[in-house]
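Coordinate inspection notes
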Amino acid sequence: MRYLIVDGHSVIFAWPELRRLHNRRTALARDELIKILTEYQDASGVRAVVVFDGQGAKVSEASTPGGIQVFYSAAGQTADTIVERLVAIYAGQHDLTVATSDLMEQQTATSFGALVVSAEGLRDWLDEARRELQREIKK
């Protein structure tokens, strides 16, 4: 199984259109990123997971049948910690790609055997997947 694990706020702050939404209201940017990743998962078959910094007492997960997995870190914990934990647990069992611009998180992910794409590179990756889907539809 292939997975794309996304450091949500790393992407939000790297993409100007998501940053603008975040400046208006954080939930708008999160919802838009979730929508983009859901479309990617539906088109590619790659399971998408996005992790955001949270404020609750414990780590929480929200997902819907067929939807992507969304994790929120606990208060006092960063999304980086959750991403790194997911990579440590699942890299030996699955083909993982981690999307983040955090260099320490990138190093940790690669040390466990995951591929890494920067937040900026993720946009190109998603655009290429969208173009590939369009080519398949036209066939």
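What counts as what
- Residues numbered from 1 in each chain as written.
- Predicted model: local features only at pLDDT ≥ 70, side-chain atom pairs only at ≥ 80, totals over all residues.
- Heavy atoms only, no water.
- Helix = DSSP H or I, 4+ residues; strand = E, 2+ residues; numbered from the N terminus.
- Expected span 1.5 Å × (residues − 1).
- Buried < 20%, exposed > 50% of the residue type's maximum accessible area, 1.4 Å probe, protein only.
- Arc of directions from axis to C-beta.
- Contact = heavy atoms within 4.5 Å.
- Pairing = 2+ DSSP bridges.
- Right-handed = clockwise from strand over helix to strand, strands pointing away.
- Core = buried A, V, L, I, M, F, W, Y, C linked by side-chain atoms within 4.5 Å.
- Phe/Tyr/Trp six-rings, centres within 6.5 Å; stacked < 30°, edge-to-face > 60°.
- Lys NZ or Arg CZ within 6 Å of the ring centre and 35° of its normal.

Next up on the list: helix α3 (residues 26–44). Its 19 residues give α3 an end-to-end C-alpha distance of 27 Å, which sits within 8% of 27 Å, the value for a rise of 1.5 Å per residue. All of the buried residues in α3 are A29, R30, L33, I36, L37, Y40 and Q41. On an axial view of α3, the arc spanned by its buried residues comes to 140 degrees, and they lie on one face. Phi for G45, located one or two positions after α3, is positive at around 85 degrees.

Turning our attention to helix α6 (residues 119–138). Along its 20 residues, α6 runs 29 Å from first to last C-alpha, staying within 8% of the 28 Å computed at 1.5 Å per residue. Among the residues of α6, A119, G121, L122, L126 and A129 are the ones counted as buried. Take α6 and look down its axis: the buried residues cluster within an arc of 140 degrees, on one side only. Check the buried side of α6 and you find it contacts β1 (2–7), α1 (8–14), α3, β5 (95–99) and β6 (115–117).

In the case of a regular strand, side chains alternate between the two sheet surfaces. Taking burial as the measure, the 5 residues of β5 include 4 buried ones, the bulk of the element. Across 5 bridges, the pairing between β1 and β5 is parallel. The residue of β5 that forms the bridge with I5 is V98. Judged from the 3 bridges that link them, β5 and β6 form a sheet pairing that is parallel. Considered in β6, the bridge of T97 is made with L115. Of the crossover connections in this fold, the one passing from β5 over helix α5 (residues 103–111) to the parallel β6 is right-handed.

As a further point, take the nonpolar core. Core analysis: the biggest nonpolar cluster contains 24 residues, and V6, L33, L37 and L122 have the highest contact counts within it. Contributing elements (two or more residues each) for this core: β1, α1, α3, β2 (47–56) and α6. Looking at which element gives the most residues to this core, the answer is α3, with 5 residues. One finds A79, V83, A109 and A114 within the second-largest nonpolar core, a separate group that totals 15 residues.

Further remarks concern the packing of aromatic side chains. In this structure the tally under the stated criterion is 2 aromatic pairs. Considering the side-chain rings of Y40 and W125, the 5.7 Å spacing of their centres and the 40 degrees angle between planes classify their relative orientation as tilted. Placement of the pair is Y40 in helix α3 and W125 in helix α6, with a sequence separation of 85 residues. For W125, a relative accessible area of 27% corresponds to the partly exposed category. Of note, R30 hangs over the ring of F52, and the distance from its end group to the ring centre comes to 5.0 Å.

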